[in-house]
Every structure is written in structure tokens, then in C-alpha cells.
Amino acid sequence: MRAVAYQADGTLAVVEKPDPVAGRGQAVVAVERCGICGSDIHLRRSGMLGPGAVMGHEFAGTVVSAGEGEGVDDGRGLVGQRVAVLPFRRCGACPRCLEGRTALCVEGMAHGLGLGGLDGAFAEYVTVSSRSCHPVPPGMTADQGALVEPYAVALHGVRRSRVEPGSVVGVIGAGPIGLMTIAALRAAGVEAIVVAERSDTRAELAVALGASAVAADAHQLSSAIGDDLDVVFECAGVPETPQIALELVRPGGQVVLVGVTNPDEPLTMVSFLWIIKEVDIAGSFAYDDVDYADAVIAVAGGAVDPALVVSEVRPLEDADASFDELLEPGGPIKLLLAP
Ligand SMILES: [Zn+2]
Ligand SMILES: [Zn+2]
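Residues numbered from 1 in each chain as written. Chains lettered and ligands numbered in written order. Predicted model: local features only at pLDDT ≥ 70, side-chain atom pairs only at ≥ 80, totals over all residues. Heavy atoms only, no water.

Colleague: Report on the coordination of the zinc ion (ligand 2), specifying residues and quantitative values.
Modeller: Between any two of four tetrahedral donors, the ideal angle at the metal is 109.5 degrees; between two of six octahedral donors, it is 90 or 180 degrees. The protein atoms that coordinate the zinc ion (ligand 2) are Cys 91 (SG), Cys 94 (SG), Cys 97 (SG) and Cys 105 (SG), at distances spanning 2.3 to 2.4 Å. Bound by four donor atoms, the zinc ion (ligand 2) shows angles of 101 to 121° at the metal and therefore tetrahedral coordination geometry. For Cys 91, a relative accessible area of 18% puts it in the buried group. (Donors = N, O, S within 2.8 Å, 3.2 Å for Na, K, Ca; no water. Tetrahedral: all angles 85-135°; square planar, octahedral: opposite > 155°, others 65-115°. Buried < 20%, exposed > 50% of the residue type's maximum accessible area, 1.4 Å probe, protein only.)

Colleague: I'd like to hear about the nonpolar core, residue by residue, with values.
Modeller: In this structure, Tyr 151, Val 171, Ile 182, Leu 185 and Phe 233 are the most contacted members of the largest nonpolar core, which totals 47 residues. Secondary-structure elements contributing two or more residues to this core are helix 4 (142–160), strand 8 (168–172), helix 5 (176–187), strand 9 (192–196), helix 6 (200–208), strand 11 (229–234) and helix 10 (289–300). By residue number, the principal contributor to this core is helix 4, which donates nine residues. When we break this core down by domain, the ones giving at least three residues each are domain 1 (2–135 + 305–337) and domain 2 (153–283). Residues contacting Tyr 151, with those up to four places away along its chain left out, are Met 180, Ala 183, Ala 184, Ala 187, Ala 295, Ala 298, Val 299, Ala 303 and Val 304. In terms of nonpolar packing, the next biggest core, distinct from the first, is built from 35 residues, Ala 3, Ile 36, Ala 121 and Cys 133 among them. (Core = buried A, V, L, I, M, F, W, Y, C linked by side-chain atoms within 4.5 Å. Helix = DSSP H or I, 4+ residues; strand = E, 2+ residues; numbered from the N terminus. Domains from an automatic or database assignment. Contact = heavy atoms within 4.5 Å.)

Colleague: Residue-level account of the coordination of the zinc ion (ligand 1), with values.
Modeller: Binding of the zinc ion (ligand 1) to the protein goes through Cys 37 (SG), His 57 (NE2) and Glu 58 (OE), at separations of 2.1 to 2.6 Å. All donors to the zinc ion (ligand 1) come from one chain, and their sequence spacing reads C-x19-H-E.

Colleague: Break down the packing of helix 1 (residues 38–46) against helix 12 (residues 319–327) for me, with residues and values.
Modeller: With their axes 10 Å apart at the nearest point, helix 1 and helix 12 run at an angle of 105° to one another. Viewed along their axes, helix 1 and helix 12 adopt a mutual orientation that is roughly perpendicular. For the pair helix 1 and helix 12, the contacting residues are Asp 40, Ile 41, Arg 44 and Arg 45 in the first and Asp 320, Phe 323, Asp 324, Leu 326 and Leu 327 in the second. Grouping the constituent residues of the contact of helix 1 with helix 12 by class yields four nonpolar, no polar and five charged. (Axes fitted to C-alpha atoms, helices over the stretch in contact; angles between N-to-C directions. Parallel < 35°, antiparallel > 145°, perpendicular 65-115°, else oblique. Nonpolar A, V, L, I, M, F, W, Y, C, P; charged D, E, K, R; others polar.)

Colleague: Got a sec to walk through the pattern of salt bridges? Specific residues and values, please.
Modeller: Counted by the stated rule, this structure contains 21 salt bridges. Across the pair Arg 24 and Glu 70 runs a salt bridge whose closest N-O atoms are separated by 4.0 Å. One end of the pair, Arg 24, is in the loop between strand 2 (12–16) and strand 3 (26–35); the other, Glu 70, is in the loop between strand 4 (58–66) and strand 5 (82–85), and 46 residues separate them in sequence. The same class applies to Arg 24 as to Glu 70, namely exposed. In this structure, the salt-bridge partner of Asp 74 is Arg 76, at a minimum N-O distance of 2.7 Å. The exposure class assigned to Asp 74 is partly exposed, which follows from its relative accessible area of 26%. By relative accessible area, Arg 76 is classed as partly exposed at 46%. Salt bridges linked by common partners bring Arg 2, Glu 124 and Glu 317 together as one network. (Salt bridge = Lys/Arg side-chain N within 4 Å of Asp/Glu carboxyl O.)

The quantities given are spatial measurements derived from coordinates; they are silent on function.
See the structure below:
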């Protein structure tokens, strides 16, 4: 099969790899679409990938074969089904899994697809855990399938917050996760949403997805909507913005950190402000299994319009150039690869 592999010189190239075979508890999925994520771009530059590694964790496709297994690990009934795949394998037995907070499963990360360990879905076929396959409703498009994973990230962020339909909410950054967060907030009944975004194109998309106001500068979020902010979502993943969120949120409000910063980059947050305003800061990492399952239904039901978020669908051969383009200011929002 063809796959996009990381090369020793840091580039991405289409290579020939053996067709995967499903072992016990595993399924092989023929990939229809796989989105390029900001974390893929970080990963490519991190030096953490070995030569030959295949990235790609935002994907959907059709199960072409599956191995035996017990209970949820028996994927044989999935053969022929179109699925969106949760790209982590949860153990199902640790304390965090047992309380439903599967995003925090220690084993889950170790069994992540396309994150440097197991090969991901920038390929014709990918081996996955049968238990991670979520059959999609009939009629769900391939583009929608690839948006389930990033939508689940946004949905989890909204669920980590205490927004209510009447809340006044700020979102910093209208990249893919910021845009999905707006969609998930709207789906939760929130109407007062103000977005900080410098790019006019992205600001327009934010409004199309349901933002009620935009500000070019994050410092102007409150004045742009003319109200105090109950909750601020940091979706830009830059170290400066959490402090701005802390300054802007109302006393007793909440800041939710969704955007992922570089692992070795410290944040500057003035603890005095944090204390005297009694702001709650919540981290939000990926999604629990229930968020992913609900994201399948939400995206299939039209929670986010792929025409607004997906800039283009490209062949595997375009992976290397696409990664570069996504880094350019004014570049595309979300690119999907179609093997
Ligand atoms: Zn991602
Ligand atoms: Zn676990």
C-alpha cells in the first residue's frame, strides 16, 4: 500500500509499505479521508518521529478485515462498515477509564495512532483497535467522517466548561479547533459568542459558524460583545493568550485551555489576578469515548458544515507541500488527504 512516511531529513514522502493484516482485536480500515492536524505539524518538527513513521489521526473509512477478539475486541461484525476511528486504545480497566474519563487513560496515549508510535492514517490502509471503531450513520460523507475527531476535541472542551445557554463566551483563535468550538457551543445552545481572530477570512468563517461578534485583538473581546465574559476558551495554543483570557474573564469566571502549546513552553499567568478573581482554569485534553461517540452523531447531523472548515481535499502525494502551506499566514484552514 501507499503511505506518507516521515523521512530522516524531516520531509514527508509517499512510500510503499506492506498491506496491514488485522491481528487479534484489530481491524484494518481502508482510509477515505484523513485530516492534517496542528499536532501533526508540531510532531513533524519535534524531532520525535522516527524515519518511516506514518502520522494521521483524524480519519474515517471502511473496515476491510478484522481479527477475532472477546466482546468489544471482536471486530468481525464490522467488516464492510464505514467507521470513524477513535485514534487511542483505552484500556477500559484503569481508575480513569472506570470513572468515564477515558481521555486520561494512561494506556490510551501509549496506543495512539499516528502520533509517533503506531502508524496512522495518511495511508491507503491503517490497522486500528476494533473497539475504537465507531460505525457512522448512512449518508455521512467522507469529509464529515474526518471532522469527527476535531469536533470531539471541541465538544470535550465545551463539556469541561460550565457554559449554559445564557452564557457570554469568548473564543481566542479561529483555527480548526476554535471554529469547531464555536459550532459545539452553538449546538449547546450558547448564542453570545465573541471570537478573537486576526485573519479576516477566519473571522468570516467564525461568524458563518455562529459567532455573534469578532475582535481582531484578543484584548478587545469584552468590548466587541459589550458584556462580561463568563467563560473564555483558549484555542490558539500560544503561550501569551491564557494570561489575556485571565485578564478578560469576569470575576468568578472560567478559562478553558483547549489549544495545545509546545510541551516545553511555560505559560505566564499572574497568580495574583487568578486568586483575587477566583477564576477556575480547566485543561481540556482530546475527548472521552462518550464525546467521540456523540461527535459522530453531531457531525452526521450537520453540527459543522464541512464546506466552511475543509479548505481542500488532496492526494497523499501533496502531504509535504500541504504541511508547509498550513503554516503560512493566510494559508488553508483544514486540509484532508484522500488516499
Ligand atoms: Zn488532531
Ligand atoms: Zn484506562
